[in-house]
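Listed below are the residues making up each chain.
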Amino acid sequence: MVKTKSTKLCAAEGGPGESPRSPDKEQHEESSVPADMVLAALETLRREMAQNKKEICATIDSRIETVTENLKKEFSIMKGDAAIKATMLAHTEAIKEVEGAATQHSDDITRLQTEVARLTADTAKLSDKCEDLEGRSRRNNIRMIGVPEGKEGTRPREFISQLLTDLLSLDQKPLIDRCHRSLRQCPSDGQPPRPFILRLHYYHAVEDILRKATGSGNLIYQGKRIQLFPDYPPTAVNRRREFMTAREILRNKPDVRYGLLYPARLIVTHGGQQHSFTDPKAALDYARRHFGAPEARPKATPDGGSINI
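Residues numbered from 1 in each chain as written. Predicted model: local features only at pLDDT ≥ 70, side-chain atom pairs only at ≥ 80, totals over all residues. Heavy atoms only, no water.

A. Structural detail: the overall build of the protein chain. The helix and strand inventory of the protein chain stands at eight helices and eight strands. Considering the protein chain as a whole, with its 309 residues, one finds that 26% of them fall into the buried category. By sequence separation, contacts in the protein chain at least 24 residues apart represent 60% of the contacts at least 6 residues apart. Within the structure as shown, the protein chain displays about 22200 Å² of accessible surface, and the carbon and sulfur contribution to it stands at 56%. (Helix = DSSP H or I, 4+ residues; strand = E, 2+ residues; numbered from the N terminus. Buried < 20%, exposed > 50% of the residue type's maximum accessible area, 1.4 Å probe, protein only. Contact = heavy atoms within 4.5 Å. Areas by Shrake-Rupley, 256 points an atom, 1.4 Å probe, with all protein chains shown as cover.)

And the structure:
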């Protein structure tokens with residue numbers, strides 16, 4: 001019994017044939033690990049830590065560069081926005097100045113247009129008044145055409161007075177204040193003579209001379225036809241000449257009376273009705289509508305054919 005229990009105890013502690021392992025022996029086995037393996041593990045760990053450090057530093061540098069670039073871009077955008085805003089403000093101010101100047105110019109143009117319209121109306125009135133004054137200053141004038149050059153000698157006033165008396169069989173010589181040929185270059189051989197411009201002292205003498213000239217037919221002096229016309233201003237002559245075609249149509253028409261009043265107003269009496277025209281086109285339309293085409297056109301006269309002797 002004792003023997004069996006001892007055997008079981010030995011088996012429990014170390015097994016049969018084995019002595020128990022002491023602590024000193026276990027420590028010796030642990031301390032017997034080679035130092036090279038420890039150093040190699042330490043070196044591997046150091047390298048891994050260095051690699052990890054390098055990777056971490058590279059990652060941090062990369063992140064820093066990325067952040068720096070982003071910040072630069074944002075600063076550039078912010079700077080660009082500021083420049084754009086400054087430019088827009090400058091443009092806004094310039095546009096305001098341009099708008100103000102345009103408004104001022106528009107107001108000036110409106111004012112000038114009003115002023116020009118007023119001045120145009122005043123100029124038209126003054127032109128009409130000057131033409132009227134010129135026409136009144138010529139009321140005592142007669143234009144005489146056809147007298148050969150040089151026949152008047154050195155005393156044209158007495159010559160023309162005697163010529164009018166002989167041609168028109170006047171009771172006495174008309175009193176002429178002034179008499180001269182038109183102020184243009186003396187014509188050469190073969191060219192028509194310059195007209196005479198007579199200034200009579202009395203207006204009733206002008207009326208008598210023109211009336212007798214109208215009813216006397218052709219007036220001949222030394223084989224030359226003499227014509228007498230009122231001395232109208234050039235503007236009035238041009239306006240009266242525009243009625244020439246209408247007057248040609250009305251000439252010699254039965255039951256038609258017409259006359260061209262100064263400065264240029266055509267009065268037509270037909271069928272007991274009187275018509276007045278200041279527009280040559282309207283007068284021509286009326287004449288063509290009632291009387292057709294004009295007859296053979298006579299030679300135009302200096303005043304538009306008001307008197308044709």
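From this point, the narrative continues.
B. Representation of the packing of aromatic side chains in the model. In this structure the tally under the stated criterion is three aromatic pairs. Ring plane angle 70° and centroid distance 6.1 Å describe the contact between Phe 159 and Tyr 221, whose orientation is recorded as edge-to-face. Of this pair, Phe 159 sits in helix α4 (residues 156-168) while Tyr 221 sits in strand β4 (residues 219-221); the two residues are 62 residues apart in sequence, bridging distant segments of the chain. Here the two residues Phe 159 and Tyr 221 agree in accessibility, since each one is buried. Judged by centre distance (5.3 Å) and plane angle (40°), the rings of Phe 277 and Tyr 286 are tilted. Taken individually, Phe 277 and Tyr 286 each receive the classification buried, so the pair is uniform in this respect. Looking at Arg 139, its charged tip hangs above the ring of Tyr 203, at a distance of 5.2 Å from the centre. (Phe/Tyr/Trp six-rings, centres within 6.5 Å; stacked < 30°, edge-to-face > 60°. Lys NZ or Arg CZ within 6 Å of the ring centre and 35° of its normal.)

C. Geometry of the sheet that holds strand β6 (residues 256-261). Spatially, three strands are ordered β6-β7-β8 in an open sheet, and the strand pairing comes out antiparallel. Both edges of this open sheet fall to β6 and β8 (273-277), since each of them pairs with a single strand only. Taking each pair of neighbouring strands and ignoring which way they run, the sheet shows an average axis angle of 15°. Looking at chain direction, β6 and strand β7 (residues 265-270) are connected through six bridges and run antiparallel. Each residue of the ladder has a partner; that of Arg 257, found in β7, is Thr 269. (Pairing = 2+ DSSP bridges. Axes fitted to C-alpha atoms, helices over the stretch in contact; angles between N-to-C directions.)

D. Structural detail: the environment of Met 244. On the secondary structure map, Met 244 appears in helix α7 (residues 244-250). Distance from Met 244 to Pro 280, taken between C-alpha atoms, is 8.7 Å for residues 36 residues apart in sequence.

E. Structural view of the environment of Ile 145. Relative to the helices and strands, Ile 145 resides in strand β1 (residues 141-145). When its relative accessible area of 21% is taken as the criterion, Ile 145 is described as partly exposed. Sequence-wise, Ile 145 and Phe 229 are 84 residues apart; in three dimensions their C-alpha atoms are separated by 8.3 Å.

F. Seen up close, the pattern of salt bridges. Tallying each qualifying case throughout the model produces 16 salt bridges. Asp 285 is the salt-bridge partner of Lys 281, the closest N and O atoms lying 3.4 Å from each other. You can see Lys 281 and its partner Asp 285 sitting in helix α8 (residues 280-291), four residues apart, about one turn around the helix. Classification of Asp 285 as partly exposed rests on a relative accessible area of 33%. Linked by salt bridges that have partners in common, Glu 134, Arg 138, Arg 143 and Asp 231 make up one network. (Salt bridge = Lys/Arg side-chain N within 4 Å of Asp/Glu carboxyl O.)

G. The arrangement of the nonpolar core in detail. Counting residues in each nonpolar core, the largest one holds 24 residues, and the members touching the most others are Met 144, Ile 160, Leu 164, Leu 168, Leu 198 and Leu 228. Elements with a contribution of two residues or more to this core: β1, α4, β2 (176-181), β3 (196-200), α5 (203-215), β4 and β5 (224-230). At six residues, the largest contribution of residues to this core is made by α4. What Leu 168 contacts, discounting residues up to four positions off in sequence, is Ile 209, Lys 212, Ala 213, Ser 216, Leu 219 and Leu 228. Leu 266, Val 268, Ala 287 and Phe 291 belong to the second largest nonpolar core, which has 15 residues in total. (Core = buried A, V, L, I, M, F, W, Y, C linked by side-chain atoms within 4.5 Å.)

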